[in-house]
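The primary structure of each chain is shown beneath.
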Amino acid sequence: MVEFLMKPKVDFAFKEIMMDEKARIGFLSAVLKIDPTEIKETKILNTYLQKVHEEDKQGILDVRVSMNDNTEIDIEIQLSELRVWADRSLFYLSKMYTEQIKSGEPYNVFKKCVSISILDFILFPDETEFYSCFHIREDKRQFLYTDKMEFHLIELPKLPQELKDDKDDILLWAKFISSERKEDFEMLATKNTYIQSAYKTLQVISQDDQKRMEYEAREKAIRDYNQGMLEAEERGREEGIKEGEQRGREEGIKEGEQRGREEGILGMISAFRDFGHSDAEIKTALIKNYNLSGNDAQRFLSEIK
């Protein structure tokens, strides 16, 4: 039998991998472009964002990490297409940022907040690079307004098929997260010691019966959600077609009635002229019989010279 291995891009599996401190340090150092030795400590934080008021929207993060310099990091994986992802990640990071301060404290208590989004869909179709990093900058001169908020984005569908640069740590990690075959995991583990640690963790959790049940439940929930979205889209399309057909029939009837009315007006003008009536008399008859304005009656008279 083929050894069962979880897919790292399923959020349950990714969270479990990030529980391994060595894997966590390696992933963060790759995305943040810092030397792993500079990361002295990372802590997994509570992933529920605070609700100040009862009506506030609750935020739940996939993995929330605090580093030795107090930088807080939100790592999220999204498998289903969500076009408002930029707004969502901004909302979550803003919540992380604002809950650092308490009443009466000065603004210098704020620490840097970083969002890392791993998407299994394309958010920016006009861009070809799989990795993007965003800051708040001045539009023209491109200097930083503040470095306290930072957004990293990995779009897995844009990954190159072949691994051309085995020194690009972000590419290696993105490949690992998107992989499903044992031979791919093993190859990537030879390229990076931190990915090797992540792969060992993946093997361990994949053979844990309880964790496998939780993983499969999560995978089923994702499939059910995607199927529900697909069916909702199909129902919407079918209803749209029916509504369009009905509207077309109604518009066709109206258009036919309008054409018949206009032909009746023009026929009346021709008949009245054949009987020698003046245009003034015909105009009066049109206004009376077809409830036309004087201008509309004149327009029809002008069509038949």
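Thresholds, definitions, all that
Residues numbered from 1 in each chain as written. Predicted model: local features only at pLDDT ≥ 70, side-chain atom pairs only at ≥ 80, totals over all residues. Heavy atoms only, no water. Buried < 20%, exposed > 50% of the residue type's maximum accessible area, 1.4 Å probe, protein only. Helix = DSSP H or I, 4+ residues; strand = E, 2+ residues; numbered from the N terminus. Pairing = 2+ DSSP bridges. Right-handed = clockwise from strand over helix to strand, strands pointing away. Phe/Tyr/Trp six-rings, centres within 6.5 Å; stacked < 30°, edge-to-face > 60°. Axes fitted to C-alpha atoms, helices over the stretch in contact; angles between N-to-C directions. Parallel < 35°, antiparallel > 145°, perpendicular 65-115°, else oblique. Left-handed = near helix turned anticlockwise from the far one by under 90°. Contact = heavy atoms within 4.5 Å. Nonpolar A, V, L, I, M, F, W, Y, C, P; charged D, E, K, R; others polar. Core = buried A, V, L, I, M, F, W, Y, C linked by side-chain atoms within 4.5 Å. Salt bridge = Lys/Arg side-chain N within 4 Å of Asp/Glu carboxyl O.

> Looking at this model, I keep getting lost on the pairing of strand S4 (residues 113-119). Mind explaining?
If a strand is regular, its side chains alternate between the two faces of the sheet. Among the seven residues in S4, seven count as buried, and that is most of the element. In S4, alternate side chains face the same way, and those of Cys-113, Ser-115, Ser-117 and Leu-119 on one face and Val-114, Ile-116 and Ile-118 on the other are all buried. Where strand S3 (residues 72-78) meets S4, seven bridges bridge the pair, whose relative direction is parallel. From the neighbouring strand, Asp-74 faces S4, where its bridge partner is Ser-115. Viewed along the sheet, the connection from S3 through helix H3 (residues 85-98) into S4 turns out right-handed. Alignment of S4 against strand S6 (residues 144-155), held across seven bridges, turns out to be parallel.

> Would you take a moment to explain the packing of aromatic side chains for this structure?
Taken as a whole and judged by the stated rule, the model has 10 aromatic pairs. Where Phe-4 meets Tyr-215, the ring centres are 6.0 Å apart and the plane angle is 70°; that geometry is what we call edge-to-face. You can see Phe-4 sitting in the segment before helix H1 (11-18) and its partner Tyr-215 sitting in helix H7 (residues 209-274), a full 211 residues away along the chain. Taking the relative accessible area as the measure of exposure, Tyr-215 reaches 1% and is therefore buried. Aromatic side chains Phe-124 and Phe-134 sit 5.9 Å apart centroid to centroid with 50° between the ring planes, which places their arrangement in the tilted category. Pair noted here: Phe-124 is in the loop between S4 and strand S5 (131-137) and Phe-134 is in strand S5, with a separation of 10 residues, a long-range link. Owing to a relative accessible area of 29%, Phe-124 belongs among the partly exposed residues under this scheme. Here Phe-134 falls in the partly exposed class, since its relative accessible area comes to 36%.

> Looking at this structure, I do not really get the packing of helix H2 (residues 21-32) against helix H6 (residues 193-206). What am I missing?
For any two helices packed against each other, the geometry comes down to the angle between their axes and how far apart the axes lie. For the pair H2 and H6, the least separation of the axes is 8 Å and the interaxial angle reads 135°. In terms of axis orientation, H2 runs oblique to H6. Like other packed secondary-structure pairs, H2 and H6 cross with a definite hand, here left-handed. In this structure, H2 contributes Lys-22, Ala-23, Ile-25 and Gly-26 to the contact, and H6 contributes Thr-193, Tyr-194, Ser-197 and Ala-198. Grouping the amino acids of the contact of H2 with H6 by side-chain chemistry returns four nonpolar, three polar and one charged.

> Explain the nonpolar core to me, please; I cannot follow it from the model alone.
A general feature of soluble globular proteins is that nonpolar side chains tend to end up buried together. Core analysis: the biggest nonpolar cluster contains 47 residues, and Phe-14, Phe-27, Leu-28, Ile-73, Ile-75, Ile-118 and Phe-176 have the highest contact counts within it. Filtering out sequence-adjacent residues up to four positions away, Ile-118 remains in contact with Phe-14, Phe-27, Ile-75, Glu-76, Ile-77, Gln-78, Ile-154, Leu-156 and Ile-177. With 10 residues, the next largest nonpolar core counts Ile-265, Ala-285, Leu-292 and Phe-300 among its residues.

> So what exactly am I meant to see when it comes to the pairing of S5 here?
Of the pairings in the sheet, the one linking S5 to S6 comprises six bridges and is antiparallel in character. Each residue of the ladder has a partner; that of Ser-132, found in S6, is Leu-153. Between S5 and S6, which pair antiparallel in sequence order, lie six residues; one of them, Gln-142, sits at a positive phi of approximately 60°.

> Explain the sheet that holds S6 here, please?
Strand pairs in the sheet, formed through backbone hydrogen bonds, run parallel or antiparallel to each other. Taking strand neighbours across the sheet as the criterion, the six strands line up as S1-S2-S3-S4-S6-S5 in an open arrangement whose pairing is mixed. Unpaired on one side and paired on the other, strand S1 (42-44) and S5 mark the two borders of the sheet. Ignoring strand direction, the axes of neighbouring strands in this sheet form an average angle of 20°.

> Would you mind showing me how to read unusual backbone geometry here?
In terms of backbone geometry, most residues other than glycine have negative phi values and most peptide bonds are trans. The phi dihedral of Lys-33 is positive, around 60°, even though this residue is not glycine. Tracing the backbone through its elements, the reader meets Lys-33 in the loop between H2 and S1. Residue classification places Lys-33 among the exposed positions, given a relative accessible area of 55%. Located in the positive-phi region is Gln-142, a residue other than glycine, with phi close to 60°. One can find Gln-142 in the loop between S5 and S6. A relative accessible area of 44% means that Gln-142 is categorised as partly exposed.

> Explain the packing of H1 against H2 here, please?
Two numbers describe how H1 lies on H2: the axes approach to 7 Å, and their chain directions differ by 105°. In terms of axis orientation, H1 runs roughly perpendicular to H2. Where H1 abuts H2, its residues Phe-14, Ile-17 and Met-18 lie against Ala-23, Arg-24 and Phe-27. Tallied by class, residues from the contact of H1 with H2 come to five nonpolar, no polar and one charged.

> Looking at this structure, I do not really get the pattern of salt bridges. What am I missing?
Close approach of charged atoms lets side chains of opposite charge pair. According to the stated counting rule, one finds 19 salt bridges in the structure shown. Close ionic contact of Glu-219 with Arg-223 constitutes a salt bridge, the shortest N to O distance being 4.0 Å. Of this pair, Glu-219 and Arg-223 both sit in helix H7, four residues apart, roughly one helical turn. The exposure class of Glu-219 is buried, given its relative accessible area of 18%. Taken together, the shared-partner salt bridges connect Glu-3, Lys-182 and Glu-186 into one network.

Taken by themselves, the reported measurements are silent on function.
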